[in-house]
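A look at the structure
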Amino acid sequence: MRKQLQGIPAFLPAKPASEANGQGRLPDVRLAANENTLGFSPLAAAAIQAAVSRLYLYPDSQASSLRSKLAAKLRVDPGQLVFGNGSFELLSLAAYTFLAPGEEALLPSPSFGWYRVATLAAGGIPVTVPLRNHAVDLDEIARRISPTTGLVWLCNPNNPTGSYFTDSELRLFLDRVPPHVFVVLDEAYREFAEQEDFPDTAALVERCPNAAVLRTFSKAYGLAGLRIGYAIAAADTAAALNRLRLPPNLGILAEAGAAASLEDEAFLQSVLDNNRIEKQRYYETFQLLGLSYLPSETNFVMVDLGRDSGPVFEWLLQEGILVRPGRDFDMPTWLRITIGRPEENRAVLAKLEKALQPSAP
Ligand SMILES: Cc1ncc(COP(=O)(O)O)c(C=O)c1O
């Protein structure tokens, strides 16, 4: 292993379900990785099945059919899009393309863990900027930009806290970012955001050569297993990202499934409706239980148990429910719970209530 890579921490994924309880028994309810337990569009399933007969061919390296559909939907030029094997791949690609070895990358903390890994893999130096009131502190990040800064990671809405920053806050921030600094706007949960002042980044990046927005089909579209995400950027910026992209990095099934899922507005709407209603169920139950929680613009909620959440996490796991312990994010009294189907959410909340009884674990 290259000497420079030896300090890279192992990335902590949500415990894979098969290993979660160490006995080969899968938890019945898996709400740890912000997957969409409503599944995915039947149109995507049909398109994937139809595409199977073409698997002996190499994929279209430009993903032309998906590209033109998505560009029309987003009202951007097709040349402004870059596709990746999930947004994980695009995060790394952005670091390799825009962060020079020895430069600093500013990252909010806690936020998505891959920003640190991508920074280190590119030879950069991660510099963390703590959240303020559980939200990305744009003001402090802008203040910390120096001549040695190469890149800024922003997660909006933020994983794991669910907070968001507004269109005007983002514009003010970008005005303070000098041209030598590249800004990655990770919007993996964007579709779930309900607030009207959420940034319109597809329009924004066209005029901003030193920024890219990353989105994914893994969350609202429910296609995490297919591995497909995309970047939106000014055309020259997208072309720069494309230089290092592995050709072809996207399988035939991924392109077919993603393109078909874009056609199914009704499915997407049902996902967003479920999320809105079920989020409310969590909020109301947390209030009844006297627990603090963070308002979320995503498909997960963060709740504060007011004591080490580790034992409750372990007990829930024994009871067949996998959520995410806050210790993974340096928030040891919290749990992060993905919003799932109504019956899953009811099950988590019933168990949580039991876990908080004085006689419980
Ligand atoms: C903020 C954030 N960015 C990126 C990703 C990676 O998503 P993908 O499945 O598109 O690689 C995740 C996955 O959980 C995420 O939470």
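Since the structure is predicted, the reported quantities are computational estimates derived from the model, not experimental observations. (Residues numbered from 1 in each chain as written. Predicted model: local features only at pLDDT ≥ 70, side-chain atom pairs only at ≥ 80, totals over all residues.)

1. Side note on the site of the ligand
The cut-off we apply is this: We call a residue near a molecule or strand when the C-beta position, derived from backbone atoms, sits within 6 Å of it. In this text, helices come from DSSP runs of H or I with a minimum length of four residues, and strands from runs of E with a minimum of two, each type numbered from the N-terminal end. Nonpolar residues are Ala, Val, Leu, Ile, Met, Phe, Trp, Tyr, Cys and Pro. Charged residues are Asp, Glu, Lys and Arg, and all others, Gly as well, are polar.
Surrounding the ligand, one finds 13 residues, the nearest of these being G86, S87, A188, T216 and S218. It is helix α3 (residues 86–98) that contributes the most residues to the shell around the ligand, 3 residues altogether. Here the residues of the shell around the ligand are counted per class, giving 5 nonpolar, 7 polar and 1 charged.

2. Observations concerning the domain arrangement of the protein
Put simply, the rule reads: As used throughout, domain bounds are those supplied by an automatic or database domain assignment. Contact between two residues is assigned when their C-beta atoms, built from the backbone, lie within 7 Å.
Here the domain parsing of the protein yields domain 1 (11–40 + 266–355) and domain 2 (42–263). Counting residues at the interface gives 26 residues for domain 1, matched by 27 residues for domain 2. Of all elements in the fold, only α10 (265–288) and β10 (300–304) reach the threshold of two or more residues within the side of domain 1 that touches domain 2. Broken down by element, the residue count for the side of domain 1 that touches domain 2 peaks at 5 residues, all from α10. By residue class, the composition of the side of domain 1 that touches domain 2 is 14 nonpolar, 7 polar and 5 charged.

3. Details of the environment of A105
Inspection of the secondary structure puts A105 in strand β3 (residues 104–109). Between the alpha carbons of A105 and L120 there is a distance of 9.3 Å; along the sequence they are 15 residues apart. Excluding residues within four positions of it along the chain, A105 makes contact with L99, T119, G124, I125, P126, V127, G150, L151 and W153.

4. Section: unusual backbone geometry
The cut-off we apply is this: To sort residues by exposure, count the other C-beta atoms lying within 10 Å of each residue's C-beta; 20 or more gives buried, 12 or fewer gives exposed, and values between give partly exposed, all with C-beta atoms placed from the backbone.
Residue P110 follows S109 across a cis peptide bond; omega there is 0°. Here the bond from P247 into P248 is cis, since omega is -15°, no more than 30 degrees from zero. Relative to the assigned elements, P248 resides in the loop between α8 (235–244) and α9 (252–263). Even without a glycine there, the phi angle at R75 is positive, about 55°. With respect to the element layout, R75 can be found in the loop between α2 (64–74) and β2 (81–84). Within the chain, N133 stands out as a residue other than glycine whose phi angle is a positive 50°. Structurally, the position occupied by N133 is in the loop between β4 (125–130) and α5 (138–144). Exposure remark for N133: the 8 C-beta atoms within 10 Å place this residue in the exposed category.

5. Looking at the sheet that holds β2
To be explicit about the condition: Strands were regarded as paired on the criterion that DSSP finds at least two bridges between them. Under this scheme, a helix contributes an axis fitted over its contacting stretch, all axes are lines through C-alpha atoms, and angles between N-to-C directions fall in the 0 to 180 degree range.
Read from one edge to the other, the open sheet built from 7 strands follows the order β2-β8-β7-β6-β5-β3-β4, with strand pairing classed as mixed. The outermost strands of the open sheet, each flanked by one partner alone, are β2 and β4. Here the average twist between neighbouring strands, direction ignored, is 25°. When β2 meets strand β8 (residues 229–233), the two strands line up antiparallel, connected through 4 bridges. For G84, the partnering residue across the bridge sits in β8 and is G229.

6. Regarding the sheet that holds strand β12 (residues 324–325)
Taken together, the 4 strands give an open sheet; going across it, the order is β9-β10-β13-β12, and neighbouring strands pair in antiparallel fashion. Two strands close off the open sheet at either side, each with one partner strand: β9 (292–294) and β12. Inspection of the sheet shows β9 paired to β10 by 3 bridges, in the antiparallel sense. The residue of β10 that forms the bridge with L294 is M302.

7. A word on the packing of helix α1 (residues 42–51) against α9
How we decide: Here is the rule for angles: anything less than 35 degrees is roughly parallel, anything more than 145 is roughly antiparallel, 65 through 115 is roughly perpendicular, and the remaining ranges are oblique. The hand of a helix crossing depends on one turn: near helix anticlockwise from the far one by less than a right angle means left-handed, and clockwise means right-handed.
In the contact formed by α1 and α9, the axes pass within 8 Å of each other and the chain directions differ by 150°. Judged by the angle between their axes, α1 and α9 are roughly antiparallel. As α1 packs across α9, the resulting crossing turns out to be right-handed. Every residue of α9 that contacts α1 at L43, A44, A46, A47, I48 and A51 is listed here: I252, L253, A256, G257, A259, A260, S261 and E263. Tallied by class, the residues present in the contact of α1 with α9 amount to 11 nonpolar, 2 polar and 1 charged.

8. Structural notes on helix α12 (residues 342–355)
Basically, it comes down to this: Given a helix with a known number of residues, its expected span is that number minus one, times 1.5 Å. To be clear, the arc concerns the directions from the helix axis to the C-beta atoms.
With 14 residues, α12 should reach 20 Å at 1.5 Å per residue; the first-to-last C-alpha distance of 20 Å fits that figure. For α12, the set of buried residues is N345, V348 and L352. Considered in projection along α12, the buried side chains sweep an arc of 65° and stay on one side of the axis. Of the residues in α12, the exposed ones pointing more than 90 degrees away from the buried face are P342 and E343. The inward-facing, buried residues of α12 abut β1 (29–30), α10, β11 (321–322) and β13 (334–338).

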